[in-house]
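Examining the three-dimensional arrangement
Chain residues, written in single-letter form:
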Amino acid sequence: MKVKANKCAAGVDEVSIAEFEQNLKGNLYKVWNRMSSGTYFPPPVKRVMIPKTNGGERPLGIPTVGDRVAQMVVKMYLEPAVDTVFHVNSYGYRPGKSAAQAVGVARERCWRSDWVLDLDIKGFFDNIDHTLMMHAVRKHTNSPWILLYIERWLNAPVLLENGTLAQRDKGTPQGGVVSPLLANIFLHHVFDMWMVRNYPSIPFERYADDVVLHCKTEVQAEFIRGKIDERLIQCGLEAHPEKTKIVYCKDDLRRGSYANESFDFLGFTFRPRRSKNRWGKFFVNFSPAIADKASKAKRGEIRDWGIHRKSDKSLDDLSRMFNPVIRGWITYYGKFYKSALYPTLRLLNRRLVRWAQQKYKRYRHQRRATQWLRDIARRQPELFAHWKLGVVP
């Protein structure tokens, strides 16, 4: 069930989850039999390139369904043992931890500290040293079969898009079930515990390889940046020279200016924003809101829905189709500076207006269609999740 919940594409064998389930007992028995006898060898990982919002591409590794099952078995055995020792400020891919928690803690610490080091590790998943990785895993388990299969997954070849096999001597492919756990184990020793031992007074939030550190002065931020550069190089990694930056958390009480006064973290942009306090007085504070990249991605998703072409659907149908996604956006991005999400939600309203124009002859004019939907929104604000916020046509 846990593998099925990920809803991943087929791997190199082109077997989907649905096809795997057609002979579920037999397929699961094959995986169990081979793993228990030590004869399970992971098939190659299928690599696909995923477009990034900045125009580049990110490699994603897709294991076969059977291999995902095998990885899930190891994850279920290993995760309970290691999660209890992970640092409290490690938030990525952990039970009971979330990105929203990391953003909330970062916001409060930005209010208390004037400077931030926004750390980006260059090509982290592609550059993990296998020897160091296995050394880190052995600190948490001496189980021979877990160590055996993790090493085999690390060394499994990659099937490239041109059909050729590429051997790997470093890295763990993004997309594997066990990869996020391995990444956390690796950075727990490479970064988290190193910070605790050497610089315990500098707080940080880490979500996988996204890290934000809070410093009292610019000098302190420059100092820790240099030390982190040295540490990463020792461990076969590198801080991205362009994306890693020192940021001034400017607000009403922090005067002057600095080259960098904003940074992005987990889909939010932290920057000076105009806010209103409980007494109705406006002030400027340093806080997060949905990032421009995230807004652009959501607007693109809305356009891809093609709502205006779904004339065969009723308004209730559209509500059932898209409300789960809309609620997810509001739940996550609406936690901080909710109004920044409204322009994206207004685009959704405009698409609904176009749908009404296409579906009903009497609402061919935009003004009439808008008024019709506005009247429905007033009568049934619960029909669409964003209408309940007052974001109506």
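Above this text sits the structure in question.
Summary of the structure given here. (Residues numbered from 1 in each chain as written. Predicted model: local features only at pLDDT ≥ 70, side-chain atom pairs only at ≥ 80, totals over all residues. Heavy atoms only, no water.)

**Quick notes on empty space enclosed by the protein**
If you walk through the whole model with that rule in mind, you get one cavity of 30 Å³ or more. Looking at the largest cavity, its volume works out to about 90 Å³. Considering the residues around the largest cavity, the lining is formed by 15 residues, among which Q71, W153, T172, P173 and S179 are closest to the centre. Sorting the residues of the lining of the largest cavity by element identifies α4 (65-83), α8 (144-155) and α9 (179-198) as the ones contributing at least two each. Its residues placed into classes, the lining of the largest cavity shows eight nonpolar, five polar and two charged. (1 Å grid on protein atoms, 1.4 Å probe; cavity = no way out; pocket = protein on both sides within 12 Å on 5 of 7 lines; lining within 4 Å. Points joined across faces, edges and corners; volume = space filled by probe spheres on them. Helix = DSSP H or I, 4+ residues; strand = E, 2+ residues; numbered from the N terminus. Nonpolar A, V, L, I, M, F, W, Y, C, P; charged D, E, K, R; others polar.)

**Topic: the nonpolar core**
With 55 residues, the main nonpolar core has I150 and L213 as its most contacted residues. When neighbours within four sequence positions are excluded, L213 is seen to be in contact with W115, V116, L117, L119, F191, M195, I202, P203, F204, I224 and I228. If you look at the next biggest cluster of nonpolar residues, it comprises 53 residues, including I290, Y332, L373 and V391. (Core = buried A, V, L, I, M, F, W, Y, C linked by side-chain atoms within 4.5 Å. Buried < 20%, exposed > 50% of the residue type's maximum accessible area, 1.4 Å probe, protein only. Contact = heavy atoms within 4.5 Å.)

**Looking at the pattern of salt bridges**
One pass over the full model with this rule turns up nine salt bridges. Put simply, R94 and D83 hold a salt bridge, and the shortest N to O gap is 2.8 Å. Remark: D83 occurs in helix α4 and R94 occurs in the loop between α4 and α5 (99-112); sequence separation between them is eleven residues. In this structure, R94 and D83 share a single accessibility class: buried. Taking the shortest distance from any N to any O, the salt bridge between R378 and D375 comes out at 3.9 Å. Placement of both R378 and D375 in helix α14 (residues 366-379) is noted, with a separation of three residues, approximately one turn of the helix. A relative accessible area of 60% means that R378 is categorised as exposed. (Salt bridge = Lys/Arg side-chain N within 4 Å of Asp/Glu carboxyl O.)

**A few points about the pairing of strand β11 (residues 282-290)**
Sheet topology note: the strand β10 (residues 268-276)/β11 ladder contains nine bridges and is antiparallel. By the bridge assignment, R271 is partnered in β11 with S287. In this structure, the hairpin formed by β10 and β11 is closed by a connection of five residues, where G280 is found at a positive phi of approximately 85°. (Pairing = 2+ DSSP bridges.)

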